[in-house]
Amino acid sequence: MSELTQAVNPPEGDALEDLIALYALDALDADDRARIERRLTADPQARRLLDQHLETIAVLAVSEAPVQPIARAKERLFARIDAEAFSRGDSSARAPSPSLWDRIRRVILAASPVLAVAALVLAIGLGAWGISLQQQLARAQQEVALLQAPGLRVASLPRAETGPASAQASFLSAPQATNGLLTVSGLTPLAADQTYQFWLLKDGQPMPAGTFSVDAAGNGKLIVQANEPIGTFQQAGITVEPAGGSAAPTLTALVSIGSIE
Amino acid sequence: MQQTSSAPLLTPSDADLAARMVARDRAAFEQIYDRYSGKALGLIIRILNDRGVSEEVLQEAFWRVWQRAETFDANRASFASWLFSIVHHCAIDELRKQRSRTAPTVEVDAPDGEALAIPDPNIDVAESAWANLQGDQVKRALAQLPEAQRAVIMLAYYGGYTRQEIAARLNEPIGTVHTRARLGLLKLRDLLSNLQS
């Protein structure tokens, strides 16, 4: 039995108090922290002691001379927060509409048996739409997982001269990851025979990284899956291409381009 | 203390902002960021001694604050202590990752102004952190702690060392480190409250 296990289970007053002080100071390794955290959730007295220590220690932090972060750090943080809200469907203007599906389900459950049968027939007819919602949900979950990646960075891609004045694009990725999330707003919806295409540039060479469309409000997003870590690419850009995408970008239809390092 | 500014009357309290943050109010979180990011970055730089990496850690720390907003309980602790515990943990995490990649180093200024990294396993982290402390009140309180207790707190809080590493550095039994950490924090709390009153 380890020293900590002995101290925590069964509790031995002083030893547990020592470990809580060390926990407050971040002087425990990950395994020890996890054990103490389990104990803290079940022991209000231990939790109170920890809170007292954290109040004391916070004074050390508060006494630090402030250092103004670079403005871009705040922009990146809030772009990440906005992208997460976007992925979770927090914005009614941009989000898929699961509440409609919920409403239909509630109608089916609440209706009389005859109406329920009719509603079920309708639901079967809408099966394909249901699958589409499931796919949207899976995509949203994938986006949320991507946004949780440690070391996630947010790069704003400046509008190109040929792009719409309102165009905004952000690319979120962790350098070691091979996937990323592109979010755009202010783009013009395209005709059916055209598509937006995203490019990752490595040493100046563009590589196709997916096509996407935007909704009527000009918002869109794309989960990007690369063949190698995103950190190996230096730039990214968006162009307008024929439907289905192109092997090389049409530079006269450049929307946005910028550094992702 | 006499209040010389009328601005605080219009400034939302930490408790107000925290409650709104828990309700996913982005604007409130932005105010929290504006209020605390400077102090937080100061602390992270103190621990990591690298401005660029510290900016990244700051972003990660505030992301975690936003993600874990619902775990804040105003009945248990002040918002600042909750926030800084997350910030500190992020900084220490990064420091330990760096340590696992490289041997301990100390930076000195080269004649051309560039920093050189020279391995120095005997660098006295505790004394270095102590010498650079900013807050007068905090410094006075820490000055009154027994040196052995102060060293444990400095090595843990600013040096990012685990209890085992502290015991090895100080060449003391681990039980001694445990006791010094606990007694040091209790005494520091008393000293700070005496100074504040």
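Whatever comes next refers back to the structure up there.
Scoring rules and cut-offs
- All residue numbers refer to positions counted from 1 along the written sequence of the respective chain.
- Chain A is the first chain written and ligand 1 is the first ligand written, with later ones labelled in order.
- Local features in this predicted model are restricted to residues whose pLDDT is 70 or higher, and side-chain atom pairs enter the listing and the counts only when it is 80 or higher, whereas totals over whole chains, interfaces and linings include all residues.
- Only heavy atoms go into the side-chain values, all of them from the structure, while hydrogens and water stay out.
- In this description a helix means any DSSP run of H or I spanning at least four residues, a strand means any run of E spanning at least two, and both kinds are numbered starting from the N terminus.
- Whether a residue is buried, partly exposed or exposed follows from its accessible area with a 1.4 Å probe, protein chains only, as a fraction of its type maximum: under 20%, in between, or over 50%, in that order.
- Contacts are assigned to residue pairs with any non-hydrogen atoms lying within 4.5 Å of each other.
- Surface accessibility follows the Shrake-Rupley procedure with a 1.4 Å probe radius. Residue values consider only the protein chains on display as shielding.
- For two strands to pair, DSSP has to find at least two bridges joining them.
- In this analysis an axis means a line fitted to C-alpha atoms, helices contributing only their contacting stretch, and an angle means the value between N-to-C directions, from 0 to 180 degrees.
- A carboxyl oxygen of Asp or Glu within 4 Å of a side-chain nitrogen of Lys or Arg is what we treat as a salt bridge.
- By nonpolar core is meant a set of buried Ala, Val, Leu, Ile, Met, Phe, Trp, Tyr and Cys residues that side-chain atoms within 4.5 Å join together.
- Here the limits of each domain have been adopted from an automatic or database domain assignment.
- Geometry of aromatic contacts follows a simple scheme: Phe, Tyr and Trp rings, the Trp one being its six-membered ring, pair when their centres are within 6.5 Å, and the pair is stacked under 30 degrees between planes, edge-to-face over 60, tilted otherwise.
- In this analysis the charged atom, NZ for Lys or CZ for Arg, is taken to sit over a ring once it is within 6 Å of the ring centre and within 35 degrees of the ring normal.
- A crossing counts as left-handed when the near helix is turned anticlockwise from the far one by less than a right angle, and as right-handed when that turn is clockwise.
- Put simply, Ala, Val, Leu, Ile, Met, Phe, Trp, Tyr, Cys and Pro go in the nonpolar bin, Asp, Glu, Lys and Arg in the charged bin, and everything else, Gly too, in the polar bin.
- Summed over both partners, the accessible surface that disappears when two parts come together, traced with a 1.4 Å probe, is what is meant by buried area.

1. Quick word on the overall build of chain B
Thinking step 1. Secondary structure summary: chain B contains nine helices and two strands in total.
Thinking step 2. When the helices and strands of chain B are listed from N to C terminus, the series reads α-α-α-α-β-β-α-α-α-α-α.
Thinking step 3. Residues classed as buried in chain B amount to 46% of the 197 residues present.
Thinking step 4. When contacts within chain B are restricted to residue pairs at least 6 apart in sequence, those whose partners lie at least 24 apart make up 57%.
Thinking step 5. Element-wise, carbon and sulfur atoms account for 50% of the exposed surface of chain B, whose accessible area totals about 9900 Å².

2. Regarding the sheet that holds strand S6 (residues 220-225) of chain A
Residues and elements named next belong to chain A.
Thinking step 1. Spatial ordering of the open sheet is given by S1-S2-S3-S6, a layout of four strands whose pairing is antiparallel. If you trace the sheet from one side to the other, it starts and ends with strand S1 (153-157) and S6, each paired once. Each adjacent strand pair in this sheet contributes to an overall mean axis angle of 20°, direction not counted.
Thinking step 2. Examined bridge by bridge, strand S3 (residues 179-185) and S6 share six bridges and lie antiparallel to one another. Residue pairing in the sheet places valine 184 in a bridge with glycine 220 of S6.

3. A look at the pattern of salt bridges
Any two side chains of opposite charge can pair, on the condition that their charged atoms come close.
Thinking step 1. With the rule as written, the count across this model stands at 22 salt bridges over all chains.
Thinking step 2. Across the pair lysine 74 of chain A and aspartate 34 of chain B runs a salt bridge whose closest N-O atoms are separated by 2.7 Å. Placement of the pair is lysine 74 of chain A in helix H5 (residues 71-88) and aspartate 34 of chain B in helix H2 (residues 26-48), with the two residues belonging to separate chains.
Thinking step 3. Of the charged contacts in the structure, one is a salt bridge between arginine 26 of chain B and glutamate 30 of chain B, with a shortest N-O distance of 3.4 Å. You can see arginine 26 of chain B and its partner glutamate 30 of chain B sitting in helix H2, four residues apart, about one turn around the helix.
Thinking step 4. For arginine 26 of chain B, a relative accessible area of 31% gives the class partly exposed.
Thinking step 5. Here glutamate 30 of chain B falls in the partly exposed class, since its relative accessible area comes to 26%.
Thinking step 6. Connected through shared salt-bridge partners, Lys74 and Asp82 of chain A together with Arg26, Glu30 and Asp34 of chain B make up one network.

4. Points about the sheet that holds strand S5 (residues 205-212) of chain A
Residue and element names in this part refer to chain A.
Thinking step 1. A sheet is described by the order of its strands in space; here four strands give the open sequence S5-S4-S7-S8, paired in antiparallel fashion. A strand with exactly one partner marks an edge of an open sheet, and here the two such strands are S5 and strand S8 (254-259). Pairwise comparison of adjacent strand axes, ignoring direction, gives a mean angle of 25° for this sheet.
Thinking step 2. Pairing geometry for strand S4 (residues 194-202) and strand S7 (residues 235-242), over eight bridges, is antiparallel. Pairing of phenylalanine 198 across the sheet is with isoleucine 238, part of S7.

5. Re the nonpolar core
Thinking step 1. Counting residues in each nonpolar core, the largest one holds 78 residues, and the members touching the most others are Leu25 of chain A together with Met21, Phe29, Ile32, Phe62, Phe79 and Leu83 of chain B.
Thinking step 2. A total of twelve residues in this core trace back to one element, the largest contributor, which is H2 of chain B.
Thinking step 3. Here this core spans two domains, since at least three of its residues come from each of domain 1 (12-105) and domain 2 (108-197) of chain B.
Thinking step 4. Filtering out sequence-adjacent residues up to four positions away, phenylalanine 79 of chain B remains in contact with Asp14, Ala18, Met21, Ile32, Tyr36 and Phe72 of chain B.
Thinking step 5. Residues Ala155, Val184, Leu187 and Val255 of chain A belong to the second largest nonpolar core, which totals 24 residues.

6. Considering the packing of aromatic side chains
Thinking step 1. By the definition in use, this model includes 13 aromatic pairs over all chains.
Thinking step 2. Judged by centre distance (6.0 Å) and plane angle (55°), the ring pair of tyrosine 36 of chain B and phenylalanine 79 of chain B falls under tilted. In this pair, tyrosine 36 of chain B is assigned in helix H2 and phenylalanine 79 of chain B in helix H4 (residues 79-101), connecting sequence segments 43 residues apart. Phenylalanine 79 of chain B matches tyrosine 36 of chain B in its accessibility class, with the two residues each being buried.
Thinking step 3. Grouping aromatic residues by their ring pairs yields a cluster made of Phe78 of chain A together with Phe29, Tyr33, Phe62 and Trp66 of chain B.
Thinking step 4. For the cation-ring pair, arginine 24 of chain B lies above tryptophan 66 of chain B, with the distance from its terminal atom to the ring centre recorded as 3.9 Å.

7. Thoughts on the packing of H2 of chain B against H4 of chain B
All names here are of chain B.
Thinking step 1. Close contact between H2 and H4 brings their axes to 10 Å; oriented N to C, the two are set at 35°. As H2 packs across H4, the resulting crossing turns out to be right-handed. Contact residues: H2 offers Ile32, Tyr36, Lys39, Ala40, Leu43, Ile44, Ile47 and Leu48, while H4 offers Phe79, Ala80, Leu83, Phe84, Val87, His88, Ala91, Ile92, Glu94, Leu95 and Gln98.
Thinking step 2. Across the contact of H2 with H4, the residue classes break down as 15 nonpolar, two polar and two charged.

8. Focus on the environment of serine 13 of chain B
Residues and elements named next belong to chain B.
Thinking step 1. Following the sequence through the fold, serine 13 ends up in the segment before helix H1 (14-22).
Thinking step 2. Owing to a relative accessible area of 32%, serine 13 belongs among the partly exposed residues under this scheme.
Thinking step 3. Each C-alpha atom of the pair serine 13 and isoleucine 32 lies 9.9 Å from the other, and the pair is 19 residues apart in sequence.

9. Examining the interface of chain A and chain B
Thinking step 1. Every contact between the two is made by 53 residues of chain A and, on the other side, 57 residues of chain B.
Thinking step 2. For the pair chain A and chain B, the summed buried area comes to about 5100 Å², and 59% of that belongs to carbon and sulfur atoms.
Thinking step 3. The largest per-residue losses of area from chain A upon contact with chain B belong to Leu25, Leu60 and Glu64 of chain A, which jointly make up 13% of the total buried on that side.
Thinking step 4. Here chain A is connected to chain B by nine salt bridges.
Thinking step 5. Aspartate 18 of chain A serves as the salt-bridge partner of arginine 182 of chain B, at 2.3 Å between the closest nitrogen and oxygen.
Thinking step 6. Mapped onto the side of chain A that touches chain B, the elements with two or more residues apiece are helix H1 (3-8), helix H2 (13-24), helix H3 (30-42), helix H4 (44-62), H5 and S1 of chain A.
Thinking step 7. When residues in the side of chain A that touches chain B are grouped by element, the largest group, 13 residues, is from H4 of chain A.
Thinking step 8. Split into classes, the residues belonging to the side of chain A that touches chain B amount to 27 nonpolar, seven polar and 19 charged.

10. Quick notes on the environment of alanine 27 of chain B
All names here are of chain B.
Thinking step 1. Turning to its location among the elements, alanine 27 is positioned in helix H2.
Thinking step 2. Taking the relative accessible area as the measure of exposure, alanine 27 reaches 41% and is therefore partly exposed.
Thinking step 3. In this structure the C-alpha to C-alpha distance between alanine 27 and leucine 17, which are ten residues apart in sequence, comes to 9.1 Å.

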